[in-house]
Amino acid sequence: MEQHPKSLEAYHLLHNGTLALARAEQNGIRVDMEYVENKLTHMTRQMARKQKQFEESKFYKDWKASQDKEPNTNSPVQLQNFLYNVKGLKPPKLTGTGKGSTDKESLTALNIPELNTHLETKKLKKIRDYLEGFRREQVDGWLHTFFNLHLVISYRSSSDRPNLQNIPKRDKLAKNITRKALYPRLGHQLLEADFSGLEVCIACAYHKDPVMLKYINTGYDMHGDMAKQIFLLDDFDNHKPEHDYLRAATKNGFVFPEFYGDYFGNCAEYLAVQWGELPKGNWTYDQGVMVDGDRTLAKHMIGKGIHSYKMFEEHLKAIEKDFWGKRFKQYARWKERHWHQYQKVGYVDLLTGFRCTGVMTRNDAINYPVQGAAFHCLLWSFIELDRYLQTHNFKSRLIGQVHDSMILDVHPKELDKLTAIITKITTIDLPKFWDWINVPLNVDFEVCGVDKSWADAKKLSI
DNA sequence: GGAACTCGCCAC
DNA sequence: AAACGTGGCGAGTTCC
């Protein structure tokens, strides 16, 4: 894959972006080293207890007896061999290279109680690894994470030493333990400003699909519409927690995967098994998550005439056909045109003046321009904000970026002014600078209390 | 003894 | 017709 910025404008974006990101690297983020040391000690003890419990089990003793050395519980190869060769179990799932998988989903499916203890240890280890990374990379209690603009195939950024772009957020325990280590300057507070649905918005600039434009312009709930269709909820109401749960499932298990190039087969598995807690075969009334307090998803779906996984898959196949064939027809046509263009010329151009050249799959060719240009919206905003903070002598500083969000270390007295200027840059100045942006952009803010850690982030309503 | 590969899992 | 995009990182394993 050969890459190069095609235009002078693209070159300037990278040049100015590098300078602005270098200032963020230099500013850094504070680490509470006392907390990190204490937590590491505590977690190490906790893990040793769990590990001991696992090693005393019959499962572990059988494993040990089956090979000539002490089992290494960190080794997927050894576990793979014991489960699928020695014990002869049928792998619930295969890895990319076609061997029996030992990931969380597979081990859970095997239904062996001892493996749950093992999974708990692995989860704790994963969390501990973040803290160890902070400890290793910090200098006098400060992290100066690198933000790279030259490594990603789509012209996005990456981050390393340590990677500040993959600190846990969804899992509550992991989020709290890791983010409680990270602090702003004394007397300051952390602020995150993120574009809402940026990639979906930027895709619009390429495909210009009228239905999608209407969804975004009117603020009408696309994911709610899809949840209603997939789970046959005539009375869909996102104020009901159960319906909101299925809406989130739809968004993450159907709409976004379809945008990235996935198909109904994988989506069906994800929605029914992972989210819905329904089995692969025929369904009975008492299976699955609750839908309206008094009935299960299976009971609800059976009532609508779908009484097996197979039927659900067929149902989803029809919905996919409708999704691309009717609902987002122009989006689908752009994908085809764009793919054919790539096959003819051997490259894809981004709306921000960059070009990706080389061998690509269909999904690659479709995804790169959206992913890259979306990040460039963030980068442009980052540069503008950085310049503004410099020229106006703000005490607040930009300290990082996570693809569609900016992270700031803020002086409390500057908070209101900052949210105002960020809103102006991202929603007014940016669409003015790149006039190909054809939908309104929005930013959301999350803010932590003064002298509070990153784990304290809460939605800011303005 | 290090490079390259594999697996698994965190983020967007 | 085919079937999820981009990274970083820990670790085990294999190859040279």
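Undergrad: Any chance you could explain the domain arrangement of chain A here in plain terms?
TA: By a widespread convention, an interface's size corresponds to the accessible area lost as its parts come together. Along its sequence, chain A is carved into domain 1 (7-28 + 144-200 + 369-460), domain 2 (35-136) and domain 3 (210-327). For domain 1 and domain 2, the distance between their C-alpha centroids amounts to 36 Å. Contacts between the two partners involve 13 residues from domain 1, matched on the other side by 10 residues from domain 2. Summing both sides of the interface, domain 1 and domain 2 together bury roughly 940 Å²; the carbon and sulfur share of this comes to 80%. Its largest share of buried area at the contact with domain 2, domain 1 owes to Ile177, Thr178 and Ala181, together 43% of the area lost on that side.

Undergrad: I would appreciate a short explanation of the protein's contact with DNA strand B in the present structure.
TA: Around DNA strand B, the structure places 21 residues, and the nearest of them are Thr97, Thr102, Asn166, Lys169 and Arg170. Taking the atoms of DNA strand B that fall within 4 Å of the protein, sugar and phosphate contribute 88% of them. Arg170 is positioned such that a nitrogen or oxygen atom in its side chain is 2.8 Å from a phosphate oxygen of DNA strand B. With three residues, helix 6 (residues 113-137) is the single largest residue contributor to the surface near DNA strand B. Classifying every residue of the surface near DNA strand B gives five nonpolar, seven polar and nine charged.

Undergrad: Would you mind showing me how to read the sheet that holds strand 11 (residues 405-410) here?
TA: Where strands meet in a sheet, backbone hydrogen bonds hold them as pairs that are either parallel or antiparallel. Pairing in this open sheet of five strands is antiparallel, and the strands run 10-11-7-12-13 from one edge to the other. Each edge of the sheet is formed by a strand with only one pairing partner; in this case those strands are strand 10 (397-401) and strand 13 (458-460). Each strand of the sheet is rotated relative to its neighbour by a mean of 30°, with strand direction disregarded. In the sheet, strand 12 (residues 443-447) pairs with strand 13 via three bridges, with the strands oriented antiparallel. Residue Phe445 lies in a different strand from strand 13, and its bridge partner there is Leu460.

Criteria and thresholds
Residues numbered from 1 in each chain as written. Chains lettered and ligands numbered in written order. Predicted model: local features only at pLDDT ≥ 70, side-chain atom pairs only at ≥ 80, totals over all residues. Heavy atoms only, no water. Domains from an automatic or database assignment. Contact = heavy atoms within 4.5 Å. Buried area = accessible area lost by both parts, 1.4 Å probe. Near = heavy atom within 4 Å. Polar contact = N/O pair within 3.5 Å; in protein donor to acceptor, adjacent residues only side chain to side chain. Helix = DSSP H or I, 4+ residues; strand = E, 2+ residues; numbered from the N terminus. Nonpolar A, V, L, I, M, F, W, Y, C, P; charged D, E, K, R; others polar. Pairing = 2+ DSSP bridges. Axes fitted to C-alpha atoms, helices over the stretch in contact; angles between N-to-C directions.

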